[in-house]
Amino acid sequence: MPATLYLLPTPLAEDTAPQVLPPQVVAAAAALPYFLVENARTARRFVKSVAPARVIEDIRFTVIDKDSTDAEVRAALAPLLKEGIDGGILSEAGCPGIADPGAALVREAHRLGIKVVPLVGPSSLLLALMASGLNGQQFAFHGYLPIEKAPRVAAIKTLEREAQQRQQAQLFIETPYRNGALFSDLLAHLQPGTRLCVAADVTGTGEFIKTLLVSDWRRLPAPELHKIPTVFIIGT
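Residues numbered from 1 in each chain as written. Predicted model: local features only at pLDDT ≥ 70, side-chain atom pairs only at ≥ 80, totals over all residues. Heavy atoms only, no water.

If you look the protein up in an unreviewed UniProt entry, it shows as SAM-dependent methyltransferase from Hymenobacter sedentarius.

So, in structure tokens, the structure goes:
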């Protein structure tokens, strides 16, 4: 029987696995002999947390991250083809393949004829969009905006135009320690009537999700976003 590559979502916040992971994900983590992961240490810790009876030393882990080559991606999938064993992709947080290097593995798996099965679990992007009240039928995710000030401001204004002209929600993220600077630039350069959603620590104990006009955000104290995973959405 051909091997299967399972996509296993992981929690977005610590100690939330029982609340956010369905039984199918836990069962896969408890049974699969081989995992393709971004970070071996955190992957081992996740598997042990949801399947404490497993002997971690008996599980094979291969690291595939954003710097992995095409040859390394192909080699990582070799056990599924040559040995016929099932494998699972684990993201550091959320759903594999969504803003995640697991997409390269999935693309190659399709090319090789390996069956791909996505399992249900938390995605900060979809949860933020669901809770934003912005357009869930027309939206785009842009990943990280430029780090340098001038290109970042230009990108913000471009996304605002896209939101207005296309009536399309514009999603993006930032490295958590730069959230404060990005939020300040959003308030400084977006138009007062533009809607901005800030979704921080989604599913965590400090979850903060709020959508307001930029003019309203400017009247309030800035939310605490430093080092907290956050999704930003611009809309109309």
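Undergrad: Which parts of the structure should I look at to understand the domain arrangement of the protein?
TA: Note on interface size: it is often stated as the accessible area lost on association of the parts. Along its sequence, the protein is carved into domain 1 (4–118) and domain 2 (124–235). Using only C-alpha atoms to locate each centre, domain 1 and domain 2 end up separated by 29 Å. Tallying the contact residues gives 6 residues for domain 1 and 8 residues for domain 2. Each partner contributes to the roughly 450 Å² buried at the junction of domain 1 and domain 2, and carbon and sulfur atoms together form 78% of this total. In terms of surface lost to domain 2, no three residues of domain 1 exceed Leu 12, Ala 13 and Ala 99, which account for 71% of the buried area on that side. Joining domain 1 to domain 2, the criterion identifies 0 salt bridges. For the pair domain 1 and domain 2, the interface holds 0 residue pairs in polar contact (both at pLDDT 80 or more). The residue inventory of the side of domain 1 that touches domain 2, partitioned by class, reads 5 nonpolar, 1 polar and no charged. (Domains from an automatic or database assignment. Contact = heavy atoms within 4.5 Å. Buried area = accessible area lost by both parts, 1.4 Å probe. Salt bridge = Lys/Arg side-chain N within 4 Å of Asp/Glu carboxyl O. Polar contact = N/O pair within 3.5 Å; in protein donor to acceptor, adjacent residues only side chain to side chain. Nonpolar A, V, L, I, M, F, W, Y, C, P; charged D, E, K, R; others polar.)

Undergrad: Would you take a moment to explain the sheet that holds strand β2 (residues 34–37) for this structure?
TA: Strand pairing within a sheet occurs via backbone hydrogen bonds; the two strands may be parallel or antiparallel. The strand order across the open sheet formed by 5 strands is β3-β2-β4-β1-β5, and the pairing between neighbours is parallel. A single partner strand is all that each edge strand has here, and the edge strands are β3 (60–63) and β5 (115–118). When strand polarity is set aside, the average angle formed by the axes of neighbouring strands in this sheet is 25 degrees. Bridge analysis of strand β1 (residues 4–8) against β5 gives 4 bridges, and the strand direction is parallel. (Pairing = 2+ DSSP bridges. Helix = DSSP H or I, 4+ residues; strand = E, 2+ residues; numbered from the N terminus. Axes fitted to C-alpha atoms, helices over the stretch in contact; angles between N-to-C directions.)

Undergrad: Help me out: how do you make sense of the sheet that holds strand β10 (residues 230–235) in this one?
TA: The 5 strands lie next to each other as β6-β7-β10-β8-β9, forming an open sheet whose pairing is mixed. In this open sheet, the two edge strands, each paired with only one partner strand, are β6 (139–144) and β9 (208–213). Ignoring strand direction, the axes of neighbouring strands in this sheet form an average angle of 15 degrees. Looking at chain direction, strand β8 (residues 195–200) and β10 are connected through 6 bridges and run antiparallel. Note on β10: the bridge partner recorded for Val 198 is Phe 232. Packing against the sheet, helix α7 (residues 149–166) makes contact with β6, β7 (169–173) and β10, and its axis sits at approximately 55 degrees to β10.

Undergrad: Whenever I open this one, the UniProt feature "domain: Tetrapyrrole methylase" (unreviewed entry) in the protein confuses me. Can you help?
TA: In this numbering, the UniProt entry assigns the feature "domain: Tetrapyrrole methylase" (unreviewed entry) to residues 47–209. Taken end to end, residues 47–209 comprises 40% helix and 19% strand; its first and last C-alpha atoms sit 29 Å apart. (UniProt positions renumbered as here; feature names shortened; annotations may be inferred.)

Undergrad: What am I meant to see in unusual backbone geometry here?
TA: Note: most peptide bonds trans; most residues except glycine with negative phi. The phi angle at Asp 201 is positive, at roughly 50 degrees, despite the residue not being glycine. With respect to the secondary-structure elements, Asp 201 resides in the loop between β8 and β9. One non-glycine residue with positive phi stands out, namely Thr 203, at about 75 degrees. Mapped onto the secondary structure, Thr 203 falls in the loop between β8 and β9. Among the residues examined, Thr 203 registers a relative accessible area of 22% and is labelled partly exposed. (Buried < 20%, exposed > 50% of the residue type's maximum accessible area, 1.4 Å probe, protein only.)

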